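Single-letter residue listing:
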Number of protein chains: 2
Amino acid sequence: MALSDRKKQILKAVVDDYVQTAEPVGSRAVVARLKTNVSSATVRNEMADLERMGYLEQPHTSAGRVPSHLGYRLYVDELMNHYSVAPTEIDQFVSTLTLRMGELDRLIAEAGRMVSELTSHPAIAVSPVAEEEAVRRFEVIQVDAETVVLVLVTTSDIIKNRICHLTFPLSDLEVSAANRALNAHFTNIPLEQLTDERITSAEYDAGADITELLIAAIDFASDVLNTVMQRDVYLEGASQILKYPEFHDPNKAMALLDCLSDRNALSLLPMPDSEHPVKIQIGAENKTSPLDNASIIMTSYHTARGAKGLLGVVGPTRMDYAKVAARLCHFAEELNHLLNHDTRR
Amino acid sequence: MALSDRKKQILKAVVDDYVQTAEPVGSRAVVARLKTNVSSATVRNEMADLERMGYLEQPHTSAGRVPSHLGYRLYVDELMNHYSVAPTEIDQFVSTLTLRMGELDRLIAEAGRMVSELTSHPAIAVSPVAEEEAVRRFEVIQVDAETVVLVLVTTSDIIKNRICHLTFPLSDLEVSAANRALNAHFTNIPLEQLTDERITSAEYDAGADITELLIAAIDFASDVLNTVMQRDVYLEGASQILKYPEFHDPNKAMALLDCLSDRNALSLLPMPDSEHPVKIQIGAENKTSPLDNASIIMTSYHTARGAKGLLGVVGPTRMDYAKVAARLCHFAEELNHLLNHDTRR
DNA sequence: ACTTAGCACTCAGAGGTATAGAGTGCTAAG
DNA sequence: CTTAGCACTCTATACCTCTGAGTGCTAAGT
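Quick caveat, the model's predicted, so the values are computed rather than measured. (Residues numbered from 1 in each chain as written. Chains lettered and ligands numbered in written order. Predicted model: local features only at pLDDT ≥ 70, side-chain atom pairs only at ≥ 80, totals over all residues. Heavy atoms only, no water.)

Chemist: How do you make sense of the overall build of chain A when you look at a structure like this?
Modeler: If you tally the helices and strands in chain A, you get 11 helices and 10 strands. Across the 345 residues of chain A, 54% fall into the buried class. For chain A, the proportion of contacts with a sequence separation of at least 24, taken over those separated by at least 6, is 61%. A total of about 15,100 Å² of accessible surface is found on chain A, and carbon and sulfur atoms cover 49% of it. (Helix = DSSP H or I, 4+ residues; strand = E, 2+ residues; numbered from the N terminus. Buried < 20%, exposed > 50% of the residue type's maximum accessible area, 1.4 Å probe, protein only. Contact = heavy atoms within 4.5 Å. Areas by Shrake-Rupley, 256 points an atom, 1.4 Å probe, with all protein chains shown as cover.)

Below you can see the structure in the form of structure tokens.
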């Protein structure tokens, strides 16, 4: 059943007011906010309807109304204003990030920090990962006789390294043999096929002496591919959550923070897809109880090689969705520009 | 003026009790805690003395006593028990970290996480850095025609990488020329001498074509050396601070968290030195006001190459210094073992 | 059929007061 | 020097009242 236009305006007014004040909204406050000249009694009737339909809730009999999750949902999907973002904010975002171009992990973390700062909410940044990640390039760097650094570059330009202490010294020749063998036999292979049996063929090429090194490299590679799939997660500006009265209770705040810093819990996040580039998850829509009063706005960005990462913001359900979503959206777009067009530096 | 033995015992009892209960400690509670059979009146007299001397404080006339910073200081320096740490905790610490050996930055972050978990306090982990950091090894890895990854290994085995998009394609020969030039001319040079003028000599060797690459590499190197000097700082388990009643006030909690995630503020940390391997900073002993009610326990660890990093714990001044310091100490030691002896993967 | 004025009713929160109890300092005796 | 006893202080708690915001309902107006 569709809502009348006036009901929608009233719902919108309730949300807008509640977002600002954090106090239940009474009929008079709604009247003050509406352009149309109706009496508070009329609004009361409408609000009673809206409550019956599940869009509003009443903390107790003689209090104003508060939006329910359903109410927020309708607001977000249909009613909210679409903000534009101040150019100065975008400038700030871009210029801070430009300094970090090239160091992808730092860049992502820094993007999270900026988002958090500019939205006044905790932010989550998830490092990018391609659908089919594989090792594109190995490099064995010898740092002393028995120590090498293994560096690998994945399909989506993620760079990982690991230091590796061997039990025997290695000659220059062996190092370059290992390099050749690794790049010849173990690049551009999806994770599933990167199994130990492949080592046999490589051994043949490179000489059995360096098997230990090869095993370490393959180990590392499959480790990396595994953990890259798990993604790096950065939680920035966590303390901001304490600004919101709904998280003044230390237990609630702690539950939320713990949940946000647990990367496993993040798999429950609303993933944006092509249909909904900005995904908004409101309160109990997610199953994890600590997130009951929390909403998450998520969007994605992508690198030049098409790997997708996430950028999101967490706040109380009573959140200025319009403003925050707009900012998040713009920032993600700017990040895309940075990652894709600005090839210099 | 030295304190009588009994006064010390009473001070110790007050601290021990207060640490447990978070409530001002009365004379009766002290009597219950002391082995010696004295009356509460006697204890009251002694406590009045201790207050006059500045070791105790009274929130209000009819309340028990609370240790002052001075009281904690004396407790920490002379009075506290020396705990031993349960082997199971150490095992847990070591076995979790062993999985991360080789990826230094992850290892350090993970160590922080474990410390936080096992002490129930937020933990700070600072990545290691040697006194005189320099680039030990460069490596230019070509990933496609116009893209290279610059990897560098510093004196203390810190590995950093940066992706670098050039404005022209690069041949295999040029890449290896750049590699040779970089390693020949720019390794083992302290930061101060790593200036652009050195590029001239390298150009000569490698051919002017790759100047852009060389400049990027040197840029990167000096960047890295600069930021390595600034160190990576990991704050783990921040939310734990909310468990302590002294930080139930969201403003205080936020001020502290903000301060802890600000790496500049961390320069004010108590650095452990050879004389005091475990440094304890109590409340207002540090100048930053948000840390008024907070204490920090810090210790250091070092890598095989002698680079020193920090591991620390933050809590309310009312903190179980004995237990926490003991654990922190042991964990740092274990970290040293891992970093220095266990050269196998 | 919708709107609105009026009114009785509800309830959370503010403010005030009394009470209990923990703890003190002081005094005087052991 | 220690301790029992006692008067005193002060917070925290409970309980009360009162206020005001906000409601739902009814009945009259459009």
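Having seen it, we continue.
Chemist: Can you walk me through the relation of the copies chain B and chain A in this structure?
Modeler: What relates the two chain copies is a rotation about an axis together with a slide along it. With an RMSD of 0.1 Å, the operation that places chain B on chain A is a rotation of 180° combined with a shift of 0.0 Å along the axis. Taken together, the rotation and translation describe the operation of a two-fold axis. In this assembly, 95% of the residues forming the interface of chain B have copies in chain A that are likewise at the interface, indicating an isologous arrangement. (Least-squares fit on C-alpha atoms with pLDDT ≥ 70 in both.)

Chemist: What exactly am I supposed to notice about the interface of chain B and chain A here?
Modeler: Frequently, the measure chosen for interface size is the accessible area that the parts lose on association. If you look at the interface, chain B gives 39 residues, while chain A gives 38 residues. Around 3,800 Å² of area is buried between chain B and chain A when both sides are counted, 54% of it from carbon and sulfur atoms. At the boundary of chain B with chain A, the tally comes to 6 salt bridges. The shortest N-O distance in the salt bridge between glutamate 103 of chain B and arginine 162 of chain A comes to 3.2 Å. At the junction of chain B and chain A, the tally comes to 12 residue pairs in polar contact (both at pLDDT 80 or more). Contributions of two or more residues to the side of chain B that touches chain A are made by β4 (135-144), β5 (147-154), β6 (159-165), α9 (211-230) and α10 (250-260) of chain B. Here the side of chain B that touches chain A gets 7 residues from one element, more than from any other, and that element is β4 of chain B. (Buried area = accessible area lost by both parts, 1.4 Å probe. Salt bridge = Lys/Arg side-chain N within 4 Å of Asp/Glu carboxyl O. Polar contact = N/O pair within 3.5 Å; in protein donor to acceptor, adjacent residues only side chain to side chain.)

Chemist: Help me understand the protein's contact with DNA strand D in this model?
Modeler: Taken together, 21 residues are adjacent to DNA strand D, and Ser27 and Arg65 of chain A together with Arg6, Thr42 and Ser62 of chain B come closest. Counted by atom, the contact set of DNA strand D within 4 Å of the protein is 77% sugar and phosphate. Arginine 44 of chain A is positioned with one of its side-chain polar atoms (N or O) 3.3 Å from a base nitrogen of DNA strand D. When residues of the surface near DNA strand D are traced back to their parent elements, those giving at least two are α3 (40-53) of chain A together with α3 (40-53) of chain B. Residue contributions to the surface near DNA strand D peak at 4 residues, all from α3 of chain B. (Near = heavy atom within 4 Å.)

Chemist: Help me understand the sheet that holds β4 of chain B in this model?
Modeler: What holds strands together in a sheet is hydrogen bonding between their backbones, with the strands either parallel or antiparallel. Residue and element names in this part refer to chain B. Spatially, the 3 strands line up as an open sheet ordered β4-β5-β6, and their pairing is antiparallel. Taken across any chain shown, the strands that pair with only one partner, and hence form the sheet edges, are β4 and β6. Strand after strand, the sheet turns through a mean of 20° between neighbouring axes, direction not considered. Pairing between β4 and β5: 8 bridges, direction antiparallel. By the bridge assignment, valine 140 is partnered in β5 with leucine 150. (Pairing = 2+ DSSP bridges. Axes fitted to C-alpha atoms, helices over the stretch in contact; angles between N-to-C directions.)

Chemist: Looking at this model, I keep getting lost on the protein's contact with DNA strand C. Mind explaining?
Modeler: Around DNA strand C sit 21 residues, and of these Arg6, Thr42 and Ser62 of chain A together with Ser27 and Arg65 of chain B come closest. Sugar plus phosphate: this is where 79% of the atoms of DNA strand C within 4 Å of the protein reside. In this structure, a base oxygen belonging to DNA strand C sits 3.2 Å away from a side-chain N or O atom of serine 62 of chain A. Arginine 44 of chain B places a polar side-chain atom, nitrogen or oxygen, 3.2 Å from a base nitrogen of DNA strand C. Contributions of two or more residues to the surface near DNA strand C are made by α3 of chain A together with α3 of chain B. Residue contributions to the surface near DNA strand C peak at 4 residues, all from α3 of chain A. Looking at the surface near DNA strand C residue by residue, the class counts come to 4 nonpolar, 13 polar and 4 charged. (Nonpolar A, V, L, I, M, F, W, Y, C, P; charged D, E, K, R; others polar.)

Chemist: It is not clear to me how the packing of helix α6 (residues 104-119) of chain B against helix α11 (residues 321-340) of chain B should be interpreted in this structure. Could you clarify?
Modeler: Packed helix pairs are specified by the crossing angle of their axes together with the interaxial distance, meaning the distance between the axes. Residue and element names in this part refer to chain B. Two elements in contact, α6 and α11, have axes separated by 11 Å at closest approach and are oriented at 155°. In terms of orientation, α6 and α11 fall into the roughly antiparallel class. Crossing of α6 over α11 shows right-handed handedness. Contacts between α6 and α11 involve Leu104, Leu107, Ala111, Val115, Leu118 and Thr119 from the first element and Val324, Arg327, Leu328, Phe331, Leu335 and Leu339 from the second. When its residues are assigned to classes, the contact of α6 with α11 shows 10 nonpolar, 1 polar and 1 charged. (Parallel < 35°, antiparallel > 145°, perpendicular 65-115°, else oblique. Left-handed = near helix turned anticlockwise from the far one by under 90°.)

Chemist: Got a minute to help me understand the sheet that holds strand β10 (residues 308-316) of chain A in this structure?
Modeler: All names here are of chain A. Taken together, the 5 strands give an open sheet; going across it, the order is β7-β3-β10-β9-β8, and neighbouring strands pair in antiparallel fashion. Looking at the sheet topology across the chains shown, the edges are occupied by β7 (233-236) and β8 (278-282). On average, each strand axis in the sheet is tilted by 15° relative to the strand beside it, whichever way the strands run. Pairing of strand β3 (residues 123-129) with β7 involves 4 bridges; the strand directions are antiparallel. Within the sheet, the bridge partner assigned to alanine 125 lies in β7 and is tyrosine 234.

Chemist: So what exactly am I meant to see when it comes to the pattern of salt bridges here?
Modeler: Two side chains carrying opposite charge are able to pair once their charged atoms lie near each other. Inspection of every chain in the model, using the stated rule, returns 42 salt bridges over all chains. Between aspartate 16 of chain A and lysine 12 of chain A there is a salt bridge whose closest N-O contact spans 3.0 Å. Pair noted here: aspartate 16 of chain A and lysine 12 of chain A are both in helix α1 (residues 5-21), with a separation of 4 residues, about one helical turn. For aspartate 77 of chain B, the salt bridge is made with arginine 73 of chain B, and the minimal N-O distance between the two is 3.3 Å. Placement of both aspartate 77 of chain B and arginine 73 of chain B in helix α4 (residues 69-79) is noted, with a separation of 4 residues, approximately one turn of the helix. When its relative accessible area of 51% is taken as the criterion, aspartate 77 of chain B is described as exposed. By relative accessible area, arginine 73 of chain B is classed as partly exposed at 21%. Look at the salt bridges and you will find they share partners, linking Arg6, Lys7, Glu46, Asp49 and Arg52 of chain A into a network.

Chemist: How should the packing of aromatic side chains be read in this particular structure?
Modeler: In this description, an aromatic ring pair is defined by two values, namely the gap between the centres and the angle between the planes. Residue and element names in this part refer to chain A. Scanning all chains against the criterion turns up 4 aromatic pairs over all chains. Judged by centre distance (5.7 Å) and plane angle (55°), the rings of tyrosine 72 and tyrosine 321 are tilted. One end of the pair, tyrosine 72, is in helix α4 (residues 69-79); the other, tyrosine 321, is in helix α11 (residues 321-340), and 249 residues separate them in sequence. Residue tyrosine 72 is classed as buried on the basis of its relative accessible area of 2%. On the numbers, 4.5 Å between centres and 15° between planes, the contact of phenylalanine 93 with phenylalanine 331 is stacked. (Phe/Tyr/Trp six-rings, centres within 6.5 Å; stacked < 30°, edge-to-face > 60°.)

Chemist: Got a minute to help me understand the environment of leucine 170 of chain B in this structure?
Modeler: One can find leucine 170 of chain B in the loop between β6 and α7 (172-185). For the pair leucine 170 of chain B and glutamine 58 of chain B, spaced 112 residues apart in sequence, the C-alpha to C-alpha distance is 74 Å.

Chemist: Looking at this model, I keep getting lost on the side chain of glutamine 240 of chain A. Mind explaining?
Modeler: Residue and element names in this part refer to chain A. By the secondary structure assignment, glutamine 240 is in the loop between β7 and α10 (250-260). Judged by relative accessible area, which is 15%, glutamine 240 ranks as buried. Polar side-chain contacts of glutamine 240 include one of 3.4 Å to the backbone oxygen of serine 116. Setting aside residues up to four positions removed in sequence, glutamine 240 forms contacts with Ser116, Glu117, Ser120, His121 and Pro122.

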